[in-house]
Amino acid sequence: MAPAFDAGAGRGKRIAGRTGVDMTVTYFKRYRMEFELARLFREPDLPLHYRLLRWDESLLMAHADAKYRSFRSELDANVFPCLGDREGCRRLMGEIARRNGFVRSATWLIQWCGKGEEEREYCGTIQGIVDFEGIGSIQNLGITPGHRGRGLGSCLLYHALAGFREHGLRRATLEVTAQNSGAIRLYQRLGFRRTKTVYKAAEVACG
Ligand SMILES: CC(C)(COP(=O)(O)OP(=O)(O)OC[C@H]1O[C@@H](n2cnc3c(N)ncnc32)[C@H](O)[C@@H]1OP(=O)(O)O)[C@@H](O)C(=O)NCCC(=O)NCCS
């Protein structure tokens, strides 16, 4: 499904793209949101048939794949084109895991386990890094489309935030595209507060 552009995304000048497709620079409005780790909410129950996996190098590809399947049809794949590309997600995941500030305890994966061995799927991912100010920065939270609305996003956020706290941090932050109203509602309900508006320029194909 092609993402829609409405309020919050400003169009710029038409330019010829590398692939011959006309491109335009679009400015996406994004909010920075912050969370006081002393006010961590109660641990949400993990629904039946799902399991949480803490970070391990052997899960890098599984994180990348869950990230790709969570973001490929979403607006954020226009804001950050690597999210709409399987190889791009692998590269990004590798870069996150190699960062000096990578926080293993704030990086989690969710696996759905059905009845048989073949009914297994990595369906949610979140990663954390600590920024240069000592603030925990949530990277891409993603739940694959068929598993949304069951509390998995809230579970991953809880474990990432608890992981930052365990790491000795006091505050956490994330950035969300202003048009992503579902995610913003979730973050606000869990206690994140909007602190700043930023704009991210991205090249998108002209419609
Ligand atoms: C944003 C996202 C991570 C949310 O994940 P999720 O697993 O659906 O989140 P939750 O289920 O915890 O909460 C979402 C909704 O489900 C509801 N919900 C929570 N627990 C539930 C449960 N046990 N059963 C049914 N619904 C539940 C919540 O009330 C919430 O409703 P709301 O829309 O009124 O706020 C997911 O939609 C996603 O991956 N989107 C695409 C990628 C993206 O945009 N990521 C965010 C980047 S900043």
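Residues numbered from 1 in each chain as written. Predicted model: local features only at pLDDT ≥ 70, side-chain atom pairs only at ≥ 80, totals over all residues.

## What about the overall build of the chain?
Each helix and strand in the chain was counted, giving five helices and nine strands. Overall, the chain shows an N-to-C arrangement of helices and strands of β-β-β-α-α-α-β-β-β-β-α-β-α-β. Within the chain, buried positions represent 33% of all 207 residues. Pairs at least 24 residues apart make up 70% of the contacts formed inside the chain by residues separated by at least 6 positions. (Helix = DSSP H or I, 4+ residues; strand = E, 2+ residues; numbered from the N terminus. Buried ≥ 20, exposed ≤ 12 C-beta atoms within 10 Å, placed from the backbone. Contact = placed C-beta atoms within 7 Å.)

## Remarks on the nonpolar core
With 32 residues, the main nonpolar core has I126, L156, L157, A160, L161 and F164 as its most contacted residues. Contributions of two or more residues to this core are made by β2 (22–36), β4 (102–113), β5 (120–130), α4 (152–166) and β8 (171–177). At eight residues, the largest contribution of residues to this core is made by α4. With near-sequence residues (within four places) excluded, L161 lies in contact with F35, L37, L40 and A172. Core analysis: the second largest hydrophobic core is formed by nine residues, A77, C89, L92 and M93 among them. (Core = buried A, V, L, I, M, F, W, Y, C linked by C-beta atoms within 7 Å.)

## Considerations on the pairing of β4
Two elements, strand β3 (residues 50–54) and β4, share five bridges in a ladder whose sense is antiparallel. Looking at β4, one finds that L53 is bridged to L109. The pairing of β4 with β5 spans eight bridges and is antiparallel. By the bridge assignment, F102 is partnered in β5 with I129. (Pairing = 2+ DSSP bridges.)

## Considerations on the pairing of β5
Of all 11 residues in β5, eight are buried; the element is thus mostly enclosed. Hairpin remark: β4 followed by β5, antiparallel, with six residues in the connecting loop. The turn linking β5 back onto strand β6 (residues 136–138) is made up of five residues, and G134 within it adopts a positive phi angle of 80°.

## Description of the environment of F164
Topologically, F164 is positioned in helix α4. Between the alpha carbons of F164 and L37 there is a distance of 7.9 Å; along the sequence they are 127 residues apart. Contact partners of F164, with chain neighbours within four places excluded, come to L37, V103, A106, G128, G136, L169 and A172.

## Some words on the site of the ligand
Neighbouring residues of the ligand: 21 residues in total, closest R148, G151, G153, S154 and A183. When residues of the shell around the ligand are traced back to their parent elements, those giving at least two are α1 (60–71), β7 (142–143), α4 and α5 (181–190). The dominant element in the shell around the ligand, judged by the number of residues it contributes, is α5, at five residues. By residue class, the composition of the shell around the ligand is seven nonpolar, eight polar and six charged. (Near = placed C-beta within 6 Å. Nonpolar A, V, L, I, M, F, W, Y, C, P; charged D, E, K, R; others polar.)

## Quick notes on the confidence of the model for the chain
Across the chain, pLDDT averages 91, with 90% of residues at or above 70. Here residues 1–7 is modelled with pLDDT under 50, and outside its nearest four sequence neighbours on either side it reaches six contacts, counting other chains as well. (pLDDT = per-residue confidence, 0-100.)

## Remarks on the packing of α1 against helix α3 (residues 86–98)
Each packed pair of helices is defined by two parameters, the angle between the axes and the distance between the axes. With their axes 8 Å apart at the nearest point, α1 and α3 run at an angle of 130° to one another. The angle between α1 and α3 falls in the class oblique. Considering how the two elements wind past one another, α1 and α3 form a crossing that is right-handed. Here L60, M61, H63, A64, K67 and Y68 of α1 come into contact with α3, specifically with R86, C89, R90, M93, G94 and A97. (Axes fitted to C-alpha atoms, helices over the stretch in contact; angles between N-to-C directions. Parallel < 35°, antiparallel > 145°, perpendicular 65-115°, else oblique. Left-handed = near helix turned anticlockwise from the far one by under 90°.)

## Section: unusual backbone geometry
With phi around 75°, H49 is a residue other than glycine that occupies positive phi space. Note that H49 resides in the loop between β2 and β3. Residue classification places H49 among the exposed positions, given that 12 C-beta atoms sit within 10 Å.

## A word on the environment of I110
Among the structural elements, I110 can be located in strand β4. Taking C-alpha positions, I110 is 6.4 Å from T125, a pair spaced 15 residues apart along the chain. Ignoring any residue separated from it by four or fewer positions in sequence, one finds I110 in contact with Y50, L52, C123, G124, L152 and L156.

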